[in-house]
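Architecture and fold: a report
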Amino acid sequence: MSLQISTLPNGLRIVTEHMPGLQSASVGLWVMAGGRHETAPQNGIAHFLEHMAFKGTTRRTALQIAEEIEDVGGYINAYTSKEMTAYYARCLVADVPLALDVISDIVLNPVFDPREIETERHVILQEIGQALDTPDDIIFDWLQEVSYPDQPFGRTILGPSERVSAFGRDDLLAFVGQHYGPDRMILSAAGGVDHDAIVHQARAIFGGLQPIGGNAPPAARFIGGERREVKKLEQVHFALSLEAPGFRDPDVYAAQVYAMAMGGGMSSRLFQKIREERGLCYSIFAQAGAYEDTGSITIYAGTSKAEIADLARLTADEMKRAAEDMTEAEVARARSQLKAGLLMGLESPSNRAERNARMLSIWGRVPGPEEAVERIDAVSMQDVRAFAGHLAGARSALALYGPVAKAPGLEAIRDRLAA
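Anyway, here's the lowdown on the structure attached to this text. Starting afresh in each chain, residues are numbered from 1 along the sequence in its written order. For this predicted model, a pLDDT threshold of at least 70 governs which residues receive local features, and a threshold of 80 or more governs which side-chain atom pairs are given and counted, while totals over whole chains, interfaces and linings are taken from all residues. Note: side-chain values were computed over all heavy atoms of the structure, leaving out hydrogens and water.

Digging into the overall build of the protein chain
- Secondary structure elements follow DSSP: runs of H or I no shorter than four residues count as helices, runs of E no shorter than two count as strands, and numbering proceeds from the N terminus. If you tally the helices and strands in the protein chain, you get 16 helices and 11 strands.
- Using C-alpha atoms as the atom set, the radius of gyration is obtained and then compared with a globule rule of 2.2 Å times the number of residues to the power 0.38. Against the globule reference of 22 Å for 419 residues, the protein chain gives a C-alpha radius of gyration of 23 Å, in line with a compact fold.
- With respect to the three principal axes, the spread of C-alpha positions in the protein chain is 65 × 45 × 40 Å.
- Split into buried and exposed, the 419 residues of the protein chain put 53% on the buried side.
- In this description, contact between two residues means that some pair of their heavy atoms is separated by no more than 4.5 Å. Pairs at least 24 apart in sequence give 81% of the contacts found in the protein chain among residues at least 6 apart.
- The Shrake-Rupley method, run with a 1.4 Å probe, gives the accessible areas here. Residue values count only the displayed protein chains as cover. Accessible surface for the protein chain amounts to roughly 18000 Å². Of this, 51% is attributable to carbon and sulfur atoms.
- Under the convention used here, Asp and Glu are negative, Lys and Arg are positive, and both His and the chain ends fall outside the count. The location of each charge is read from NZ of Lys, CZ of Arg, CG of Asp or CD of Glu. Within the protein chain, the 55 negative side-chain charges are centred at a point lying 5 Å from the centre of the 41 positive side-chain charges. Between buried and exposed lies partly exposed: a residue is buried under 20% and exposed over 50% of the maximum accessible area for its type, with that area taken using a 1.4 Å probe on protein chains only.

Quick look at the side chain of Gln42
- Relative to the helices and strands, Gln42 is located in the loop between β3 (24–31) and α1 (45–52).
- The buried category is assigned to Gln42, whose relative accessible area is 12%.
- In protein, a polar contact requires one atom able to donate a hydrogen and another able to accept it; more generally it is a pair of N or O atoms within 3.5 Å, and residues adjacent in sequence count only if both atoms are side-chain atoms. Of note is the side chain of Gln42, whose polar atom sits 3.0 Å from the side chain of Gln178.
- Other than its neighbours up to four places away in sequence, Gln42 contacts His37, Phe167, Phe175 and Gln178.

Here's the deal with the pairing of strand β4 (residues 75–80)
- Only one face of β4 is covered, namely the one carrying Ile76, Ala78 and Thr80; the face carrying Tyr75, Asn77 and Tyr79 has none of its residues buried.
- Think of it this way: DSSP has to see at least two bridges between two strands before they count as a pair. When β4 meets strand β5 (residues 85–92), the two strands line up antiparallel, connected through 6 bridges. The partner of Tyr75 across the bridge, within β5, is Arg90.

Comments concerning the packing of aromatic side chains
- Stacked, tilted and edge-to-face are the three classes applied to pairs of Phe, Tyr and Trp rings, where Trp contributes its six-membered ring and a pair requires centres within 6.5 Å; stacked means planes under 30 degrees apart, edge-to-face means over 60, and tilted covers the rest. Enumeration over the complete set of coordinates arrives at 11 aromatic pairs.
- Aromatic side chains Phe140 and Phe285 sit 6.4 Å apart centroid to centroid with 25° between the ring planes, which places their arrangement in the stacked category. One end of the pair, Phe140, is in helix α5 (residues 135–147); the other, Phe285, is in strand β9 (residues 283–290), and 145 residues separate them in sequence.
- Residue classification places Phe285 among the partly exposed residues on the basis of a relative accessible area of 25%.
- Taken together, Tyr148, Phe153, Phe222 and Tyr291 form an aromatic cluster joined through their ring pairs.
- Stacked on the ring of Phe153, the Lys or Arg Lys82 has its end atom at 6.0 Å from the ring centre. Look at NZ for Lys and CZ for Arg. If either is within 6 Å of the ring centre and within 35 degrees of the ring normal, a charge sits over the ring.

Things to note about helix α15 (residues 381–391)
- Within the span of α15, buried status applies to Met381, Val384, Phe387, Ala388 and Leu391. The buried residues of α15 occupy an angular sector of 130° when projected down its axis, which confines them to one face. Every exposed residue of α15 that faces more than 90 degrees away from the buried side is listed here: Gln382 and Ala386.
- Contacts from the buried residues of α15 go to β8 (236–244), α9 (252–263), β10 (295–303), α11 (308–325) and α12 (328–345). The directions from the helix axis to the C-beta atoms form the arc being described.

Section: unusual backbone geometry
- A positive phi angle is found at Phe112, which is not glycine, with a value near 55°.
- Note on placement: Phe112 falls in the loop between α3 (96–108) and α4 (114–132).
- Classification of Phe112 by relative accessible area gives buried; the value is 3%.
- Although it is not a glycine, Asp150 adopts a positive phi angle of roughly 55°.
- Relative to the assigned elements, Asp150 resides in the loop between α5 and α6 (161–164).

Here we look at the packing of α1 against α4
- In the contact formed by α1 and α4, the axes pass within 10 Å of each other and the chain directions differ by 125°. In terms of orientation, α1 lies oblique with respect to α4. The interaxial crossing formed by α1 with α4 has right-handed handedness. Residues His47, Phe48, His51 and Met52 of α1 touch α4, and the partners they reach there are Glu116, Ile117, Glu120, Arg121, Val123, Ile124 and Glu127.
- Charged residues are taken to be Asp, Glu, Lys and Arg, nonpolar residues to be Ala, Val, Leu, Ile, Met, Phe, Trp, Tyr, Cys and Pro, and polar residues to be all remaining types, Gly included. In terms of residue class, the contact of α1 with α4 is built from 5 nonpolar, 2 polar and 4 charged. Lines fitted to the C-alpha atoms define the axes, with helices restricted to the stretch that makes contact. Angles between their N-to-C directions range from 0 to 180 degrees. Any angle that falls under 35 degrees is termed roughly parallel, while one over 145 is termed roughly antiparallel, one within 65 to 115 roughly perpendicular, and all others oblique. By the definition used in this description, the sense in which the near helix is turned from the far one sets the handedness, with an anticlockwise turn below a right angle giving left-handed and a clockwise turn giving right-handed.

Interpretation note: all reported values are geometric properties and have no functional meaning in isolation.
Listed below in structure tokens is the structure:
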């Protein structure tokens, strides 16, 4: 495999990775304009803008956008995250120029037809309503809000319905003007791609654009707290978050190994102790989330009103115990799971293009998979135990949803971890 990076004079970065033997490719634009780049009045506009990209350009109607990609058997989509918005397509090798032309068109030339804005506004409001009706979805938004209160990083990607209901064409144009410059974009492609051909086409499309500069978003500050929403549901939804390293922190790999060992699969501690041995829940997992300057360990479970106290107690006990008796076998298994997940995922051109864009945005370079594997392998049992011990005093947040009026709160969990 061959990874190459080029930068145009206006700051557009282009990263490609040729994957021999593939007849397909993934190509996309990753724009450094996500939820954390919004002001409070703009909350939800990055996601709204992502929706509007497919509603017509100065060159194509919404139907033509879909037809041109699907006529050649391709696939086009987009997503908005905390740190970026991505527009990407998957296609056969011969159709990479078409895919890049369509992707660049929807990003650079949207018309923002007022009628389409109203249509898509209704769609997004339905999406917000659906999220509010999905307990094991909305609880993570609430957890994020109490982890990072009163700051862009803690706000939802979808935004509140009252904001979405008020956005107009001028708001969309203003956000594009603030954030959608070539120096805030990464063009990433992987699969059966030719770097020089993509750079040549990118220069023709983007070369005349002027950089916009701009300041970095405010640093994220994990503060923590509790949100408890009482509702008559069949289950209690429990989500606990603890401050953890971001991508730039060398301890991020210890955090990932810890999360995998604690709740990354059927052999993990929480799954075995709480579901298999005690039968207190159907679903329980732990995961490590990392961003440029912050991260978190999140534990989620769904259980009954009668058993939430036992589940919370046992979760805290297992977290505390990990600092004392996490075994080498558990750590080795977690390392293997992480490495397998990474390497198997990178057999997909789409995953590889996404990873390359994300790594380039964070590091200014793309660490190879072998570097990540080496760092995972370097995490020892002592490292994981030390990280587990650190969590006892880490900032934390808790979200509870359902029949939770008498469920144990964050202070009880903190006290048990610290005891």
